[in-house]
Amino acid sequence: MSATPLHDPCTAPLAGATTETRNTTCYMCACRCGIRVHLRNGEVRYIEGNPEHPLNQGVICAKGSSGIMKQYSPARLTQPLRRKAGSERGAAEFEPISWDETFQILEDRLRHLRSTDPKQFALFTGRDQMQALTGLFARQFGTPNYAAHGGFCSVNMAAGMIYTIGGSFWEFGGPDLDRAKLFVMIGTAEDHHSNPMKTALAKFKRQGGRFVSINPVRTGYSAIADEWVPIKPGTDGALLLALVHEIIALGLYDREFLARYTNAGQLVNQNADSDDFGLMLRNAEGDIVNPLRPANFYWWDRHSQSPVADHTEGTDPALLGHFQMPDGTPAVPAFQLLQERVKPYTADWAEGITGIPADTIRRLAREMGITARDQKIELPIAWTDSWGKRHESVIGNPVAFHAMRGLAAHSNGFHTIRTLAILMSLLGTIDRPGGFRHKAPYPRAVPPNARPPKGPDAVQPDTPLGGAPLGWPESPDDLFVDDQGEPVRIDKGFSWEHPLSAHGLMHNAITNAWRGDPYPIDTLMIFMANMAWNSTMNTSEVRKMLNDKREDGEYKIPFLVVCDAFQSEMTAYADLILPDTTYLERHDCMSLLDRPISEFDGPVDAVRIPVLAPTGQCKPFQDVIVELASRLKLPAFTAADGGRKFRDYPDFVVNYETAPGSGIGFLAGWRGKGGEKSMRGEPNPKQWEMYEKNNCVFHHQLEPSQQYMRNWNDNYMRWAQGVGLRRDRDPVVIHIYSEFMQRFRLAAQGRKPSGQGPRQPPDRLRQRVITYFDPLPFYFAPLEEQATDTTRYPLNAVTQRPMAMYHSWDSQNAWLRQIHTHNYLFVNTRTAQAQGIADGGWMWVESPWGKVRCMCRHSEAVEPGTVWTWNAIGKAAGAWNLSADANESQRGFLLNHLIREELPTANGKTVSNSDPVTGQAAWYDVRVRIYPAGPDEPQQTWPQAERPMTLVPGMSEAPKRRGWMAGMGMGKRKGQP
């Protein structure tokens, strides 16, 4: 190569060049930072963080700055494509067609399905940010078969916390590191919340805060922790239960907080012969408050030694003890049941499961409890709680936690995360300074108000679905099952198999449809999800399923539509490809109706504004959805005269209202006819322009008296109800004990509790529901571990995303490929040496379901019983328009080959490899063994894809040069090494 640099920054600028800077919102991960995009002659030259954006305040990461290389990736799809007649799926033989023909194909097919059997159409989306739109489309179409990526990702995190405290980590809440003294991070990879977390941690450590990381792997954030506590994957629940045990045994819980703000003092029916056993006792003459969630509970008053209505002025609830009601019913406070539950969960017991020394567990518990008790923060902010009591200040117990997929992606994750939420509540840290703080639109009711449809009658031809496709059941009455208790959804979400599956089970959709269980489907539309490679738990077999045919020669899933901006392993199997735009080419919004970017001090939403015209014939998927909905005349998209209601997606965002005249739409800023209103107001035709002039972001700052204790803050609740964030304004009491879980258990026991319908689970599922629907958290080994010979497969195997990449989005990025072009399996040095595997040597990794050949990297930053790798680096040969011998396919590998989406059962059938409560995919439960590859074996990863991927029409040949950058040869298609 020439020694001359490709670009000399000291040279004069191009003569006559036109430059401009445009503000928009990043989409190189789910963080959604504000960015400034610099253009020269209409071409992106540089991307920087926007210093005026509240989320990242100018900070940008490697992913964000390399968005330029995503824009000019040679993997871009540029035109609609149809599989050639007579060609096989997977061969990637396509012909270009026009958008008119594309829409006509979809319109004809979907209109027929909608008028005959809407559930024959299924729409599943990956890590998109438009679930309010796609969910609306599915509901209006009338199909129950809709879900996004959450069942893959962290539905356990959402459900476990929302069913306990009314909010969750990630977009909807997080640690207040500005005021915390102790920060405990559990199971969080180094890309979660990326820039805000990095800046907050830096400030936290400079202020003298202590950072403890509990994780099998010490990378990313964990690398700067003051203490790393290695733990065996899937055992976090055991650790957390032991911490709760210690906190209660030492009396280090915040009694005042528990008594007033949780259900710890509410009395639970202990009459084992009653159909209401285990439910809260209710005062028939008490204040119901909200008929949808009656709150007429009892306390046992310690002063009068008698039952009283909870929150009666001048009373103090007993948290411990056994009592008898006037009618003879035995009763105990919920906290008494928690204390009894955790008695056997000692630190010594947890040591044998987690690998963490008992003394360390006891020390951590004391540190948490003493920090919360003795280092309190008091802010001079007066507020009034939901029961009318005025508080002159806000008190904080400065122990903060953060957790993500490492806790969630296990089949025992729901109960693990329930335990974490209870631990946080015992310490009194919920929505208080220095602890966990909510972000709008949370907190919401426990559980939130949305319910899934009730049964098959909710699905009718040419009719919107009778309820949102996804929701939050609170009893068996809310399940989406038929009269025999069998599922209505293709993924079996909201059935007795996975009752609280708030995000659906995308990972089971293809398998169930292929098998025809509970029924076959006709058309599957996939958006932004590589279901034939890294977005499946069963890579090799799912690819076979997509190609499998019925006896009549038709594919078992007859029509497959894939929408993506890039060629991938999945697009090769499509019957119809819809080319999406990049985030720099489209309008988009991060809505309070969906997944906003709110701050602790108030709601924040944001938009993306196109800074470039769409490449080729690419069309934003949002516009595709609006177009299809308009052609199909779905009611919400059709005007009174029968014409289309919205011109396109930007017009939809401006003019859509959740109900006629509600003033609530997708964006909260600059509403009203002239943009003079916020949160709610009439549609504003210039709303997009006003966002663009204001850094593409709207931030409503709450009054100081509204910013804390929002579960029970009367001022906040009145405001939230007024702007439509909450339907009601009753308090969101923390559920230490879950009556909702007990209702499912009672039904499975054959009982009929008061206020509950007659629904019963199928007999084959009764014991499953009885076991896992415990109103208090408990520990059990992950289901896959229970089904595996752990002597033969002694190691836990997990994946995590590197800080410089997000899912598989960035393997085609020329700049980021210089950081990661292939992956290793990271193995503790002692573990590898015991198997005779050299650092950098080739090895086999085998699970009960398959094996891969890969390269080993010795590491002391992984606990000895765990092996791990980066997610989605390994690719099929030719994918992303990389050369067939690129490192990604020859040296990179995919751990998904070792995972299965189903587990065998004793009766010879299968069950989803998921959490039995929520349906969360149990990605992190697989067990493996390792051994060296033979000296005569190829130094190449295995398995290899059956055929190299080739270019499809509209894609350009990747440049052959070794190095390049954007701007070299303006107007030409760009590539990568």
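The structure presented is a predicted model; accordingly, all values stated were derived computationally and were not measured. (Residues numbered from 1 in each chain as written. Predicted model: local features only at pLDDT ≥ 70, side-chain atom pairs only at ≥ 80, totals over all residues. Heavy atoms only, no water.)

1. Notes on the overall build of the chain
- The number of helices and strands found in the chain is 26 helices and 36 strands.
- Taking 977 residues into account, the globule formula puts the C-alpha radius of gyration at 30 Å, and the chain, at 28 Å, falls close to it.
- For the chain, buried positions account for 66% of its 977 residues.
- Intrachain contacts of the chain at a sequence separation of at least 6 include 71% that bridge at least 24 residues.
- In the chain, the 105 positive side-chain charges and the 107 negative ones have mean positions that sit 3 Å from each other. (Helix = DSSP H or I, 4+ residues; strand = E, 2+ residues; numbered from the N terminus. Rg over C-alpha atoms; globule rule 2.2 N^0.38 Å. Buried < 20%, exposed > 50% of the residue type's maximum accessible area, 1.4 Å probe, protein only. Contact = heavy atoms within 4.5 Å. Lys, Arg positive; Asp, Glu negative; His and termini not counted. Charge placed at Lys NZ, Arg CZ, Asp CG, Glu CD.)

2. Digging into the nonpolar core
- If you look at the biggest cluster of nonpolar residues, it comprises 276 residues, and the most contacted ones within it are Phe169, Met368, Phe401, Leu426, Phe637 and Phe652.
- Ranked by the residues each element gives to this core, the list is headed by helix H8 (residues 236-249), at nine residues.
- The next biggest cluster of nonpolar side chains, apart from the first, holds 11 residues, and it includes Phe183, Met185, Met197 and Ala225. (Core = buried A, V, L, I, M, F, W, Y, C linked by side-chain atoms within 4.5 Å.)

3. Observations concerning the packing of aromatic side chains
- One pass over the structure, following the stated rule, counts 38 aromatic pairs.
- Plain terms: the ring middles of Trp300 and Phe323 are 4.6 Å apart, the flat faces sit at 10° to each other, and that makes the pair stacked. In this pair, Trp300 sits in strand E13 (residues 298-301) while Phe323 sits in strand E15 (residues 323-324), placing the two residues 23 residues apart along the sequence.
- Trp300 gets classed as buried once you look at its relative accessible area, which sits at 8%.
- An angle of 70° between the planes, with centres 5.5 Å apart, marks the rings of Tyr656 and Phe666 as edge-to-face. Of the two residues, Tyr656 is situated in the loop between helix H18 (649-655) and helix H19 (687-693) and Phe666 in the loop between H18 and H19; the sequence distance between them amounts to 10 residues. Taken as a pair, Tyr656 and Phe666 share a single burial class, namely buried.
- Here the aromatic residues Phe637, Phe646, Tyr649, Phe652, Tyr656 and Phe666 are joined through ring pairs into a cluster of three or more. (Phe/Tyr/Trp six-rings, centres within 6.5 Å; stacked < 30°, edge-to-face > 60°.)

4. Some points on the state of the cysteines
- Under the defined criterion, the tally for this structure stands at zero disulfides.
- Summary of cysteine pairing: Cys61 is not part of a disulfide, and the nearest cysteine sulfur, belonging to Cys29, is at 5.7 Å.
- Accessibility expressed as a relative area gives 10% for Cys61, which makes it buried.
- A disulfide-free cysteine, Cys618 has its sulfur positioned 9.2 Å from the sulfur of Cys563, the nearest such atom.
- Given a relative accessible area of 7%, Cys618 falls into the buried group. (Disulfide = S-S within 2.5 Å.)

5. Topic: the sheet that holds strand E36 (residues 927-932)
- Read around the closed barrel, the six strands follow the order E29-E33-E30-E32-E31-E36; overall the barrel is mixed. Taking each pair of neighbouring strands and ignoring which way they run, the sheet shows an average axis angle of 45°. (Pairing = 2+ DSSP bridges. Axes fitted to C-alpha atoms, helices over the stretch in contact; angles between N-to-C directions.)

6. Quick look at the sheet that holds strand E10 (residues 210-214)
- Taken together, four strands build an open sheet; the order of strands is E11-E10-E9-E21 and the sheet is parallel. What marks the edges here is a single partner per strand, and that holds for strand E11 (227-229) and strand E21 (399-403). Neighbour-to-neighbour, the strand axes of the sheet open up by a mean angle of 15°, direction not taken into account.
- Examined bridge by bridge, strand E9 (residues 182-186) and E10 share five bridges and lie parallel to one another.

7. Considering the pairing of strand E23 (residues 523-527)
- Taken across its five residues, E23 has five buried, putting it largely inside the fold.
- The side-chain alternation of E23 yields two buried faces, one formed by Thr523, Met525 and Phe527 and the other by Leu524 and Ile526.
- Pairing analysis gives five bridges linking E23 to strand E24 (residues 559-564), with the strands arranged parallel. Note that in E24 the partner of Leu524 across the bridge is Leu560.

8. A short note on helix H4 (residues 131-141)
- With respect to burial, H4 is a largely interior element, 10 of its 11 residues being buried.
- The set of residues buried in H4 consists of Gln131, Ala132, Leu133, Thr134, Gly135, Leu136, Phe137, Ala138, Gln140 and Phe141.
- Of the surrounding secondary structure, the elements contacted by the buried residues of H4 are helix H3 (99-116), strand E6 (121-125), strand E7 (146-147), helix H17 (621-631) and H18.
- Where H4 terminates, the next one or two residues include Gly142, which has phi positive at roughly 105°.

9. Quick notes on the pattern of salt bridges
- All told, the structure shown has 67 salt bridges when counted by the stated rule.
- Residue Asp774 is joined to Arg745 by a salt bridge in which the shortest nitrogen-to-oxygen separation is 3.2 Å. Here Asp774, found in the loop between helix H22 (766-772) and helix H23 (783-786), pairs with Arg745, found in helix H21 (residues 739-748); they are 29 residues apart in sequence, far enough to count as distant. Like Asp774, the residue Arg745 is buried in the burial classification.
- A single network of salt bridges, built from pairs that share partners, joins Glu107, Arg111, Glu627, Arg631 and Arg644. (Salt bridge = Lys/Arg side-chain N within 4 Å of Asp/Glu carboxyl O.)

10. Side note on helix H7 (residues 194-206)
- Relative to the 18 Å expected for 13 residues at 1.5 Å per residue, H7 spans 19 Å between its end C-alpha atoms, a close match to the ideal helical length.
- Buried residues of H7: Ser194, Asn195, Pro196, Met197, Leu201 and Phe204, and no others.
- Of the surrounding secondary structure, the elements contacted by the buried residues of H7 are helix H1 (62-65), strand E8 (173-175), E9, E10 and E21.
- Gly208 lies just past H7 and shows a positive phi near 90°. (Expected span 1.5 Å × (residues − 1).)

11. Quick word on the pairing of strand E29 (residues 795-800)
- Summarising burial for E29: six of the six residues are buried, a large majority.
- Note: E29 against E36, two bridges, orientation antiparallel. Bridging across to E36, Asn796 finds its partner in Arg927.
- One ladder, built from five bridges, connects E29 with strand E33 (residues 866-870); its direction is parallel. Looking at E33, one finds that Asn796 is bridged to Thr866.

12. Notes on the side chain of Ser859
- Mapping Ser859 onto the fold places it in strand E32 (residues 851-859).
- In this structure Ser859 comes out as buried when scored by relative accessible area, which is 13%.
- A distance of 3.0 Å separates a polar side-chain atom of Ser859 from the backbone nitrogen of Ala861.
- Setting aside anything within four residues of it in sequence, one finds Ser859 in contact with Phe826, Val827, Asn828 and Thr829. (Polar contact = N/O pair within 3.5 Å; in protein donor to acceptor, adjacent residues only side chain to side chain.)

13. Concerning the environment of Ile899
- Inspection of the secondary structure puts Ile899 in the loop between helix H26 (887-890) and strand E34 (902-904).
- Setting aside chain neighbours within four positions, we find Ile899 in contact with Met537, Asn538, Trp849, Trp923 and Val926.

14. Looking at the environment of Leu667
- Residue position: Leu667 is located in the loop between H18 and H19.
- Along the backbone, Leu667 and Arg801 are 134 residues apart, and their C-alpha atoms lie at a distance of 31 Å.
- Setting aside residues up to four positions removed in sequence, Leu667 forms contacts with Cys589, Asp605, Ala606, Val607, Val653, Gln687 and Tyr691.

15. What to know about unusual backbone geometry
- Residue Pro443 follows Tyr442 across a cis peptide bond; omega there is 15°.
- Turning to its location among the elements, Pro443 is positioned in the loop between strand E22 (436-438) and helix H15 (506-515).
- Residue Pro447 follows Val446 across a cis peptide bond; omega there is -10°.
- Within the secondary structure, Pro447 sits in the loop between E22 and H15.
- Of note in this structure, Ala872 is not a glycine but carries a positive phi near 70°.
- Relative to the helices and strands, Ala872 resides in the loop between E33 and H26.
- You will see that Asn881, though not glycine, has its phi angle at about 65°, which is positive.
- Relative to the elements of secondary structure, Asn881 occurs in the loop between E33 and H26.
- The class of Asn881 is buried, set by a relative accessible area of 10%.

16. Focus: the environment of Arg363
- Its place among the elements puts Arg363 in helix H12 (residues 358-374).
- Taking the relative accessible area as the measure of exposure, Arg363 reaches 31% and is therefore partly exposed.
- Leave out the neighbours within four places in its chain, and Arg363 touches Arg210 and Glu227.

17. A short note on the confidence of the model for the chain
- Per-residue confidence for the chain gives a mean pLDDT of 94; residues scoring 70 or more make up 97%.
- Low pLDDT (under 50) marks residues 967-977, which in the prediction has 44 contacts with non-local residues, meaning those over four places away or in another chain. (pLDDT = per-residue confidence, 0-100.)

18. Here we look at the side chain of Arg595
- Tracing the chain through its elements places Arg595 in the loop between strand E26 (588-590) and strand E27 (604-608).
- Side-chain polar atoms of Arg595 contact the side chain of Glu171, separated by 2.8 Å.
- The contact partners of Arg595, leaving out residues within four places of it in the chain, are Arg32, Arg127, Gln129, Gln131, His149, Trp170, Glu171, Phe172 and Met590.

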